[in-house]
Amino acid sequence: MSGNLKIPYGVCDFKRIRREGYYYIDKTGYIPLLERAGSFLLFVRPRRFGKSLMASLLRCYYDIAEKNNFDALFGGLKIARNPTENRNRFQVLYMDFSKVGTSAKQTLQQRFESYIGACLDDFIIKYGDAYGKDLVAQFARADTASEKLTKIVSAAQRLDLHLYLMLDEYDNFTNTMLQAEENNSYRDITHGQGFYRAWFKMFKGSFDRIYMTGVSPVTMDDLTSGFNIALNISQDADFNAMLGFSEEECLRLYTDFKGVGKYQTGEPAEWVAAIKPWYDGYCFAEDKRGEESVFNSDMALYFLNALVKTGKAPRNWVDTNIATDYAKLRVIADIQRRIDPQNVQDSLPVTERLAADGEIWFDLKPSFPADSIPNPENFKSLFYYYGIISMKGRREGLDWFRIPNVCVREQVFDYLREHYVRTRVPDWTELGTLASGFAYRGEWRPFLARLAADFAETTPVRGGIQGESRIQGYMQCEFGHLDFYLMEPEMELSRGFCDFCLFPERHHFGDVRHSYLIELKYDKADAPQERLDAQYQEALQQLARYRADKSLPSLARGTTLHQIVFQFKGGELFRCEQIAEEQIIL
């Protein structure tokens, strides 16, 4: 491939991508499918998944003003070989509600309608010739945005002109309100005669086609009481991979860039295999569970960008820009707290269980109003819509979800860590020194003892399963933050599930000399000695079974493998013993 290839990392303007020679993974084959799906569509995906680029693509395809540019923009792409009848047929009104102003000098309605008015002004400048000077003059005299839209729609119907509304980030404006403690104002504008609701009712009757994107269906549920404005195609199997990259697309991307810049070494398939645990694992359609998953496209491009610039993997595999966006658990918890302050802790045990097991079961809710977010099934559903969990299958009549990848799991750990250390922040520098000894010198006892002591001082433990989940969650956070290791929660070994498997992260820390199998046991503070001893014997049997797994020598190759029982009684460390140590040489 040409050494002049450009990586479209952070570029969401389709026209710019095509005109300036950026690499483009062809998604135009979805255009006919979208047309067949319906005229009024809603498509939700987590942030940083390419929603705006897809909207920009559709804008260029349908815009009558881009008719003469069709070959330049779409030449060589799938849709160019067999375009639909709707190609370049519409006048497109494009709006991005993430750009609604935040001026404190204006009311919510003024800010919102000021933005719509500006978009309509741009529309009439672009298409004014089709309406004539009289209509343009009338438009200029209109006092409000709603008057402007009414005049355009009326004239378009009279002149047999076709209108397409593309509304990107339809829920950004309202989501910001919910997060900013304005849930009462949110309800006022999305219910009854609220201005936000009124605008969406106007949209449905004014356009031939509508395509809307967002993060969740919550606002749409409040606006429409049952999606009578748009059909939600977000979980349609036809569109599971419309955004993000399939593994095949990712491999083609990394293959085509081999030899560009400093990306000269390493096989593309090996690089894709390396990033797969970090960025892959997303599934958005029931019929595709276990069959088709996609990579987060922004993260795959971020990693490739580092390869081209430096010839090696980035030091931090999680882009700081995307890490900021992944602070979604905090957003969910904050919204829940503001709507139902009496149950502020309800989401924490769910998150702890998710961190400990990496999976969760519940009935996914296709839509629900904001007022019902505190309902357990609803805020679990928000975990899915925000990209924290992804579809995996069905178990015992319930939908089965898992944390999709390491990138997301680190964000879950960060969220829990914030909650665990509210009363006393440990000395992370000292802990880092102990962690280094743990990884490079096999000094496991001081590191594990320190984790146990910090846990006892920083977080309360309640009895029963919640106490066990809290300890598991806390330890997952700490082990998960060890850069030296690539940890898989509840890793399956010999048909069992080891609590903590720590094998070297070899891209950056190939010199780590110690690996660990750690089995965690917990019982209540008043547990009798015989029950604790029985737990210990069970842990010995489990560790022996894990060690017999055929994949373990490869995972731990070149290191000393430690097998450790980590046992708690209440919130205190009861037993921490190494039962085996051996050097793994392949």
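This text goes with the structure placed above it.
This one's a predicted model, so the numbers in the text were calculated from it and none came from an experiment.

As a further point, take the sheet that holds strand β7 (residues 390-395). With antiparallel pairing, the three strands of this open sheet are ordered in space as β6-β8-β7. Only two strands of the sheet have a single partner each, and these edge strands are β6 (359-362) and β7. Strand-to-strand twist of the sheet, defined as the mean angle between neighbouring strand axes without regard to direction, takes the value 30 degrees. The pairing of β6 with strand β8 (residues 398-402) spans four bridges and is classified as antiparallel. Residue pairing across strands places Trp 361 opposite Trp 400, the latter belonging to β8. Relative to the sheet, helix α19 (residues 376-385) contacts β6, β7 and β8, its axis offset from that of β6 by approximately 130 degrees.

Looking now at the environment of Ser 234. Residue placement: Ser 234 occurs in the loop between β5 (231-232) and α13 (247-256). Residue classification places Ser 234 among the buried positions, given a relative accessible area of 4%. Separated by 192 residues in the primary sequence, Ser 234 and Leu 42 place their C-alpha atoms 7.1 Å from one another. Apart from the residues lying within four places of it in its own chain, the contact partners of Ser 234 are Leu 42, Phe 43, Val 44, Arg 45 and Phe 284.

Spatially, β9-β12-β13-β14-β15 is the arrangement adopted by the five strands of the open sheet, whose pairing is mixed. Edge positions in the open sheet fall to β9 (485-487) and β15 (572-583), since each of these has one partner strand only. Sheet twist, expressed as the mean angle between neighbouring strand axes with direction ignored, is 20 degrees. As judged from the ten bridges shared by strand β13 (residues 514-523) and strand β14 (residues 560-569), these two strands associate in the parallel manner. Bridged to Asp 523 within β14 is Lys 569.

Glancing now at the pairing of strand β4 (residues 209-214). Every other side chain in a regular strand lies on the same face of the sheet, so the side chains alternate between the two faces. Along β4, six of the six residues are buried, which leaves the element largely enclosed by surrounding structure. A two-sided burial pattern is seen for β4, the buried positions comprising Arg 209, Tyr 211 and Thr 213 on one face and Ile 210, Met 212 and Gly 214 on the other. Of the pairings in the sheet, the one linking strand β1 (residues 40-44) to β4 comprises five bridges and is parallel in character. For Phe 40, the partnering residue across the bridge sits in β4 and is Ile 210.

Here the structure, examined in full by the defined rule, presents 46 aromatic pairs. A ring pair is formed by Phe 90 and Tyr 164, whose centres lie 5.3 Å apart and whose planes are at 85 degrees; its orientation type is edge-to-face. Residue Phe 90 is found in the loop between α5 (78-81) and β2 (91-96), and its partner Tyr 164 is found in strand β3 (residues 163-168); the two are separated by 74 residues along the sequence. For Phe 90, a relative accessible area of 1% translates into the label buried. The exposure class of Tyr 164 is buried, given its relative accessible area of 5%. An angle of 80 degrees between the planes, with centres 5.2 Å apart, marks the rings of Phe 484 and Phe 509 as edge-to-face.

A separate point is helix α14 (residues 268-279). Helix length check: α14 (twelve residues) gives 16 Å between terminal C-alpha atoms against 16 Å at 1.5 Å per residue, within 8%. Among all positions in α14, only Pro 268, Trp 271, Val 272, Ala 274, Ile 275, Trp 278 and Tyr 279 are buried. On an axial view of α14, the arc spanned by its buried residues comes to 160 degrees, and they lie on one face. Following α14 by one or two positions, Gly 281 adopts a phi angle in the positive range, close to 105 degrees.

Criteria and cut-off values
- Residues numbered from 1 in each chain as written.
- Predicted model: local features only at pLDDT ≥ 70, side-chain atom pairs only at ≥ 80, totals over all residues.
- Heavy atoms only, no water.
- Pairing = 2+ DSSP bridges.
- Helix = DSSP H or I, 4+ residues; strand = E, 2+ residues; numbered from the N terminus.
- Axes fitted to C-alpha atoms, helices over the stretch in contact; angles between N-to-C directions.
- Contact = heavy atoms within 4.5 Å.
- Buried < 20%, exposed > 50% of the residue type's maximum accessible area, 1.4 Å probe, protein only.
- Phe/Tyr/Trp six-rings, centres within 6.5 Å; stacked < 30°, edge-to-face > 60°.
- Expected span 1.5 Å × (residues − 1).
- Arc of directions from axis to C-beta.

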